[in-house]
Amino acid sequence: MGRTGRHADAGLPEGGIVTNRNPMKDQVAIVGLGSTGFSREGGASSLAMALAAATEAITDAGLTAADIDGIVATNEPGATGPEKIAAGLGIAEATHHTKPTPVAMFSLLDAARAVFTGAADHVLVVTPVVMGPWNSRRAAADPWRRGARSGILPVPEDATMAAAYAAWASRYIHEYGATKDPFARVAINSRTNAAANPLAAVDTPLSFGAYEAARMIREPLNIYDMDLPVDGADAFVLTSAERARSLPHTPVLIHAATSGIVGKNDEDQLDGLHRTGQHVVVDQLRRTSDIWIDDIDLFYPYEGFTIITLTWFENCGFCAPGEAERFLREHWNDDAQRIEIHGRIPVNTHGGSLSEGATRGTGHLREAVHQLRGTAGPRQVDYARAALVTPGGFFFNPQGAVLRTAP
Amino acid sequence: MNGNSEETDDALIARFAGNGITRDNADHFRGRLDRRLLMARCADCGRWQHPPRPMCPACWSWNMAMDEVSGRGTIHLLMVLHQGPPAPGVDYGAGHPVVTVELVEQPALRFTSTVSDDFPADDLAIGTAVEVEWAERDGTPMPVFRKAAS
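Bear in mind that the values here come from a model prediction, so they are computed numbers and not experimental data.

So, about the overall build of chain A. Summing up its helical and strand segments, chain A has 14 helices and 14 strands in all. For chain A, whose C-alpha radius of gyration is 20 Å, the value lies close to the compact-globule estimate of 22 Å for 407 residues. Viewed in the frame of its principal axes, chain A has a C-alpha envelope of about 60 × 55 × 40 Å. Taking all 407 residues of chain A together, 60% fall into the buried category.

A few words now on the packing of helix H6 (residues 163-176) of chain A against helix H11 (residues 306-315) of chain A. Residue and element names in this part refer to chain A. Relative to each other, H6 and H11 sit at 55°, their axes nearing to 9 Å. With respect to their mutual orientation, H6 and H11 come out oblique. Across from Tyr-165, Ala-169 and Tyr-172 in H6, the residues of H11 making contact are Ile-307, Ile-308, Leu-310, Thr-311 and Glu-314. Of the residues belonging to the contact of H6 with H11, the class tally is six nonpolar, one polar and one charged.

Moving on: the interface of chain A and chain B. Across the boundary between the two partners, chain A contributes 26 residues, which contact 33 residues of chain B. With both sides pooled, the region where chain A packs onto chain B buries about 2,300 Å², and carbon together with sulfur makes up 54% of that total. When the buried area of chain A at its contact with chain B is split by residue, Pro-156, Glu-157 and Gln-269 of chain A rank highest and sum to 28% of it. The tally of links between chain A and chain B comes to two salt bridges. A salt bridge links Arg-53 of chain B to Asp-266 of chain A; the nearest nitrogen and oxygen atoms lie 2.7 Å apart. There are 14 residue pairs in polar contact (both at pLDDT 80 or more) connecting chain A and chain B. At the level of secondary structure, the elements contributing two or more residues to the side of chain A that touches chain B comprise H6 and strand E5 (216-219) of chain A. Ranked by residue count, the leading element in the side of chain A that touches chain B is H6 of chain A, at seven residues.

Residue and element names in this part refer to chain A. The topology assignment puts Asp-181 in helix H7 (residues 181-194). A polar contact of 2.8 Å, which involves the side chain of Asp-181, links it to the side chain of Arg-185. Beyond its immediate stretch of four places on either side in the chain, Asp-181 contacts Phe-208, Glu-325 and Arg-329.

On to the environment of Gly-78 of chain A. All names here are of chain A. When you line up the elements, Gly-78 lands in the loop between strand E2 (70-73) and helix H3 (82-89). Judged by relative accessible area, Gly-78 falls into the exposed class, the value being 62%. A sequence separation of 31 residues divides Gly-78 from Leu-47, and the C-alpha atoms of the two residues are 8.8 Å apart.

Right, let's get into the nonpolar core. One broad trend across soluble globular proteins is that nonpolar side chains are buried collectively. Counting residues in each nonpolar core, the largest one holds 65 residues, and the members touching the most others are Phe-299, Ile-307, Phe-313, Cys-316, Phe-318, Ile-341 and Leu-388 of chain A. Residue assignment for this core shows that the elements contributing at least two residues are H6, H7, helix H10 (277-288), H11, helix H12 (324-330), strand E11 (338-341) and strand E13 (386-390) of chain A together with strand E4 (72-81) of chain B. Once residues within four sequence positions are removed from consideration, Ile-307 of chain A is found in contact with Tyr-165, Ala-169, Tyr-172, Phe-183 and Phe-394 of chain A. In terms of nonpolar packing, the next biggest core, distinct from the first, is built from 33 residues, Leu-109, Val-123, Ile-254 and Ala-401 of chain A among them.

In total, this model carries 32 salt bridges over all chains according to the counting rule given. Linking Arg-137 of chain B and Glu-157 of chain A is a salt bridge whose minimum nitrogen-to-oxygen distance equals 2.7 Å. A residue pair is termed interchain when its members come from two chains, as with Arg-137 of chain B in strand E7 (residues 129-137) and Glu-157 of chain A in the loop between helix H5 (137-140) and H6. Overall, the relative accessible area of 10% leaves Glu-157 of chain A in the buried class.

This next bit is on the side chain of Thr-140 of chain B. Mapped onto the fold, Thr-140 of chain B is located in strand E8 (residues 140-147). Once residues lying within four places of it in the same chain are set aside, the contact partners of Thr-140 of chain B are Arg-15, Phe-16, Leu-33 and Ala-135 of chain B.

All names here are of chain A. Taken in spatial order, the three strands make up an open sheet running E10-E11-E12, and their pairing is antiparallel. One side of each edge strand has no neighbouring strand; the edge strands of this open sheet are strand E10 (332-333) and strand E12 (345-346). Two elements, E11 and E12, share two bridges in a ladder whose sense is antiparallel. By the bridge assignment, Glu-340 is partnered in E12 with Pro-346. Against the sheet, H7 touches E10 and E11, its axis set at about 95° to E11.

All names here are of chain B. Taken in spatial order, the three strands of this open sheet run E2-E1-E3, and their pairing is antiparallel. Only two strands of the sheet have a single partner each, and these edge strands are strand E2 (48-49) and strand E3 (64-68). Inspection of the sheet shows strand E1 (residues 38-42) paired to E2 by two bridges, in the antiparallel sense. Bridged to Arg-41 within E2 is Trp-48.

Thresholds, definitions, all that
Starting from 1, residues in each chain are numbered consecutively following that chain's sequence as written. Each chain is given a letter, starting from A, and each ligand a number, starting from 1, according to the order in which they appear as written. Predicted model: local features are reported for residues with pLDDT of at least 70 only, side-chain atom pairs are reported and counted for 80 or more only, and whole-chain, interface and lining totals are derived from all residues. The basis for every side-chain value is the complete set of non-hydrogen atoms in the structure, without hydrogens or water. Counting from the N terminus, the helices are DSSP H or I runs at least four residues long and the strands are E runs at least two residues long. Within these notes, the globule rule equals 2.2 Å times the number of residues to the 0.38 power, and the radius of gyration is based on C-alpha atoms. Each residue is placed in one exposure class: buried if its accessible area under a 1.4 Å probe, protein chains only, is under 20% of its type's maximum, exposed if it is over 50%, and partly exposed if it falls in between. Fitted lines through C-alpha atoms give the axes, limited to the stretch in contact for helices. The angle between two N-to-C directions lies from 0 to 180 degrees. Angular relationships are summarised with four words: roughly parallel below 35 degrees, roughly antiparallel beyond 145, roughly perpendicular across 65 to 115, and oblique for the angles in between. Residues count as neighbours in contact if any of their non-hydrogen atoms are within 4.5 Å of one another. Here the nonpolar group is Ala, Val, Leu, Ile, Met, Phe, Trp, Tyr, Cys and Pro; Asp, Glu, Lys and Arg are the charged ones; every other residue, Gly included, is treated as polar. By buried area we mean how much accessible surface two parts lose on assembly, using a 1.4 Å probe and totalling the loss over both. By definition, a salt bridge exists where a carboxyl oxygen of Asp or Glu is found within 4 Å of a side-chain nitrogen of Lys or Arg. Definition of a polar contact: a pair of N or O atoms within 3.5 Å, with one able to donate and the other able to accept a hydrogen when the atoms are protein atoms, and with sequence-neighbouring residues admitted only if both atoms are side-chain atoms. Side-chain atoms within 4.5 Å link the members of a nonpolar core, which is a set of buried Ala, Val, Leu, Ile, Met, Phe, Trp, Tyr and Cys residues. Should DSSP find at least two bridges between two strands, the strands are regarded as paired.

In structure tokens, the structure reads:
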């Protein structure tokens, strides 16, 4: 396996892992999108939202239930399994039916691989998210949410799951002498962009002053550093690039995609921020993608917590480790109150998890597809041809994809 | 020492219900009842691992045992919780510190807890040397960290 040339060219480490094979490159397309939009009010069941997004995505793809032979239903809390989604949609028969763990790309990767291997021809991905009773007073008062369980331990002295991001944010600030300024810019960027997105749960502007005055939750992270719990659902339809050419929308091709972890990924035992699953994802994308950060038009780094976004900027190579503060200041459009890399690459144009809502990355992927196929409405970037999307955090769910339209 | 480490599985599980107790980490919690901070260590190659798992990831030995750590280390990660799950004696209004301490036994071997009630505020920072002491929550011994005697 000829690893040396490409690794040497890209300056990638030779040790350890994996492969630079990417036979799936540009062979699978995202051809349908559906979304309920996201809100903090709720009122519909997880299944109702899943079916609403799914029917919209299938219709958007120019297909019907009779065409769908694969169902990937993300295993979100309270979500319905693929077999009941099939029942609910009136699908006749399916040859691929799975429920991958949350954060968006596990489901998209599974669907893409099903199409590529011939397991199914038209695969539906559906991801409903619902607020847990622990997410807000209003949610706690909702009897329909009472049965839900959080994965978070009910003891305060815990630095796993969500709390781990606050803990490592403290380490980032300590190691690099960072201030909260870059964290604020990530949050403000998302809020600014959400204003042009009718699907977003929140669209009121956020100022630096309001960010600084915000209520601390898990110090050093405040309420604006944490994604916004919402109800809603996204759905996607994937098929082969060949089949996609006869469907209504410009096909958006999966050029390269991966997930990645380091083995030693227990949150509070991580060796350090110098080598996380984000690095594994980036190295693998650089091995398998012909397109990298000099060639992309849009960037969708995850921001379930703002610290995650800073490290995605650094680990993708936009700037060196610890340099996100300088980088975001230099690439800030002060008139627009948002990040524009080199004045041309906008970031999380939909408002991300911080302001559109905590979709766990489906929003980032949906918006990238809208932009690339030219259906992003008032947010449309008219030169959009390639996007880098990086869902997930540090520990057990980092993921990435390069999406493009046909050359 | 209160000798409660002989407690039955049922009683142990009830006592540490909120802590995610499993077969694999039960002996760590038994150690707490004796006010000993026990962590998993490979009896063959000597590597520590936390959280406890039944096999050594370094040498694939199944000869894992619980061994007592010194409880000495430095604060590696730090957060101050202003809200969180209700717990006896925890006042989120004042801010509840949670520290992840890197122990002297092995690089990146860490234990997460809170600090002693009299921990000096000025020293609550990453890099501060600490050592374990035993507090109680709901009548159950709990390892916390105090500033190390210099």
